[in-house]
Amino acid sequence: MTRKIIHIDADCFYAAIEMRDNPALAHLPIAVGGASDRRGVIATCNYKAREFGVRSAMPTATAKRKCPNLVMVKARFDVYRAASATMREIFLDYTDLVEPLSLDEAFLDVSDCNRCQGSATLIAEEIRARVKASLNITVSAGVAPNKFLAKVASDWHKPDGLCVVPPEQVDAFVRELPVNKIFGVGKVTAGRLQRHGIQTCGDLRRFTVFELTERFGRFGKRLHELAQGHDERPVKPTRRRKSMSVESTYAQDLVGLEACRDQLPALQEELERRLAKLDDSYQPTKAFVKIKFRDFTQTTVERHDSTADLETLGQLLETGLARRELPVRLLGVGVRFRDALPAQQITLFN
Ligand code: TTP
Ligand code: MG
């Protein structure tokens, strides 16, 4: 099954926050970082400063030489962390499979997300719009069938850009891709590859996995895979879910117990399918049924149970329906999980 992965990366993140909070800076070249006396370095700079060749990790003194009018701004990490948390909340609206890489960057696996008609492209656009609306900064997004390509893609149309690599275009996209776009290929490896006449991933494909392993060790195997556009690494969420559920809003309200009961098998099957994807550390302890009535009031019935089988769900449904004599517009079924491991153990397992 092909996955739908989105990589989001904020544009000149720290600098964007500083320009947002002090609009007078917006048209000047600015950099966030340490003072130029002593040994300060640039954390990041806005795109105006980049025109002068200023870059992250550059000594501030060098940056000042390249761009004499560069305005230095002190970092405010608490503000960056708060913005990062807001972005995370938005991402979690679409999927639990959110893997943050840094304050301004994350992978999302939206393969199972039904929002935006299930279109990863529309989801990415909606996320970009929501971040802009709530934080007034821009993020760029890449959409692709795997992490490698999603990350390359998010950089492709930066800033404020979206790049989609659909499955049928992976081959053509990767063929032209310069090898230095591969994570882990720095100046040294790129130089070695160039001496073998390898500039693009297409060039890499002329070599067998054995030849590449011979020359580049274990990384050779990885190079071989990536050159084909293959990358099976899963998106590893850092936040554990407490429950999992499946729900459906019906085009026509359901009337009566039997009409509702008829919907349970489809819901339960989908729940099972999703549960099967979780690892064994997730142990259901409760089953529940959620009912939303025609007047939008809702009720949830749950009980201790390690499985959500049809019989259990049927009984919970019956209890819930007895609470109101109204047609039903939405039904949901789900399980709650045993409290996660103590925090310390979680970090060990991750
Ligand atoms: P990046 O996403 O690498 O850079 P950026 O968001 O500033 O710019 P771009 O538009 O190219 O994505 O890093 C995110 C933040 O992390 C950045 O705003 C500041 C910080 N950072 C450092 O402190 N030191 C560094 O060397 C880098 C690369 C980033
Ligand atoms: Mg960034």
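Residues numbered from 1 in each chain as written. Chains lettered and ligands numbered in written order. Predicted model: local features only at pLDDT ≥ 70, side-chain atom pairs only at ≥ 80, totals over all residues. Heavy atoms only, no water.

(A) Focus on the pairing of strand β6 (residues 105-109). Of all the 5 residues making up β6, 5 are buried; the element is thus mostly covered by neighbouring parts of the structure. Hairpin remark: strand β5 (residues 98-102) followed by β6, antiparallel, with 2 residues in the connecting loop. (Buried < 20%, exposed > 50% of the residue type's maximum accessible area, 1.4 Å probe, protein only. Helix = DSSP H or I, 4+ residues; strand = E, 2+ residues; numbered from the N terminus. Pairing = 2+ DSSP bridges.)

(B) Structural detail: the coordination of the magnesium ion (ligand 2). The protein atoms that coordinate the magnesium ion (ligand 2) are D9 (OD), A10 (O) and D104 (OD), at distances of 2.0 to 2.2 Å. Each of the 6 donor atoms around the magnesium ion (ligand 2) contributes to a set of angles spanning 79 to 178 degrees, which defines the coordination as octahedral. Taken in sequence order, the residues that donate to the magnesium ion (ligand 2) follow the motif D-A-x93-D. Using a relative accessible area of 13% as the deciding quantity, one classes D9 as buried. (Donors = N, O, S within 2.8 Å, 3.2 Å for Na, K, Ca; no water. Tetrahedral: all angles 85-135°; square planar, octahedral: opposite > 155°, others 65-115°.)

(C) How the structure looks around the site of ligand 1. In the vicinity of ligand 1, 14 residues are found, and the nearest of them are C12, T44, Y47, R50 and D104. The separation between an oxygen atom of ligand 1 and a polar main-chain atom of F13 is 3.0 Å. Taking Y14, its main chain carries an N or O atom lying 3.0 Å from an oxygen atom of ligand 1. Isolated, ligand 1 exposes 550 Å² of accessible area, and the fraction of that covered by the protein chains is 68%. Among the elements of the structure, β1 (5-10), α1 (13-21), β3 (42-45) and α2 (47-50) are those that each provide at least two residues to the shell around ligand 1. (Near = heavy atom within 4 Å. Polar contact = N/O pair within 3.5 Å; in protein donor to acceptor, adjacent residues only side chain to side chain. Areas by Shrake-Rupley, 256 points an atom, 1.4 Å probe, with all protein chains shown as cover.)

(D) Expanded view of the nonpolar core. Judged by nonpolar contacts, the single largest core of 38 residues is most densely connected at I6, F13, L108 and I127. Secondary-structure elements contributing two or more residues to this core are β1, α1, β2 (30-33), α4 (77-92), β6, α5 (120-135) and β7 (139-144). Excluding its chain neighbours within four sequence positions, the residues that come into contact with I6 are A106, F107, L108, V110, A120, I123, A124, A141, G142, V143 and A150. A153, A190, L204 and L223 belong to the second-largest nonpolar core, a separate cluster that totals 29 residues. (Core = buried A, V, L, I, M, F, W, Y, C linked by side-chain atoms within 4.5 Å. Contact = heavy atoms within 4.5 Å.)

(E) Region of interest: the pattern of salt bridges. Under the definition given, this model contains 28 salt bridges. With a shortest N-O distance of 2.8 Å, R76 and D21 are connected by a salt bridge. Separated by 55 residues along the polypeptide, R76 in the loop between β4 (71-73) and α4 and D21 in helix α1 bring together distant segments of the chain. Residue classification places D21 among the partly exposed positions, given a relative accessible area of 39%. Among the salt bridges present, the one from E105 reaches K151, with a minimum N-O distance of 2.4 Å. You can see E105 sitting in strand β6 and its partner K151 sitting in helix α6 (residues 147-156), a full 46 residues away along the chain. For E105, a relative accessible area of 12% gives the class buried. (Salt bridge = Lys/Arg side-chain N within 4 Å of Asp/Glu carboxyl O.)

(F) Focus on the domain arrangement of the protein. You can read the domains of the protein as domain 1 (1-165), domain 2 (169-227) and domain 3 (243-339). Summarising the inter-unit geometry, the C-alpha centres of domain 2 and domain 3 are found 49 Å apart. (Domains from an automatic or database assignment.)

(G) Focus on the confidence of the model for the protein. Summarising the model, the protein shows a mean pLDDT of 92, and 96% of its residues fall at 70 or more. A low-confidence stretch, residues 342-350 (pLDDT under 50), is modelled with 4 contacts involving residues beyond four sequence positions or located in other chains. (pLDDT = per-residue confidence, 0-100.)

(H) Here's a closer look at the side chain of R128. Here R128 shows up in helix α5. Among the polar contacts listed, one links the side chain of R128 to the side chain of E125, at a separation of 2.8 Å. Not counting chain neighbours up to four residues away, the residues in contact with R128 comprise V139, S140, A141, D160, G161 and L162.

(I) Examining α4 more closely. Its 16 residues place the ends of α4 22 Å apart at the C-alpha level, agreeing with the 22 Å of an ideal helix rising 1.5 Å per residue. Turning to α4, its buried residues are Y80, A83, S84, M87, I90, F91 and L92. (Expected span 1.5 Å × (residues − 1).)

(J) Geometry of the sheet that holds β6. Read from one edge of the open sheet, 5 strands run β5-β6-β1-β7-β8, paired in mixed fashion. Here the strands that pair on one side only, and so sit at the sheet edges, are β5 and β8 (162-164). Strand-to-strand, the axes of this sheet are offset by a mean angle of 15 degrees, without reference to chain direction. For β1 and β7, the ladder comprises 6 bridges, and the chain directions are antiparallel. Paired with H7 across the two strands is G142, which belongs to β7. On the sheet, α6 packs against β1, β5, β6, β7 and β8 and is oriented at approximately 145 degrees with respect to β7. (Axes fitted to C-alpha atoms, helices over the stretch in contact; angles between N-to-C directions.)

(K) Layout of unusual backbone geometry. Here the bond from K158 into P159 is cis, since omega is -5 degrees, no more than 30 degrees from zero. With a phi angle near 55 degrees, C116 is a residue other than glycine that sits in the positive phi range. Within the secondary structure layout, C116 lies in the loop between β6 and α5. Of note in this structure, N136 is not a glycine but carries a positive phi near 55 degrees. Positionally, N136 belongs in the loop between α5 and β7.

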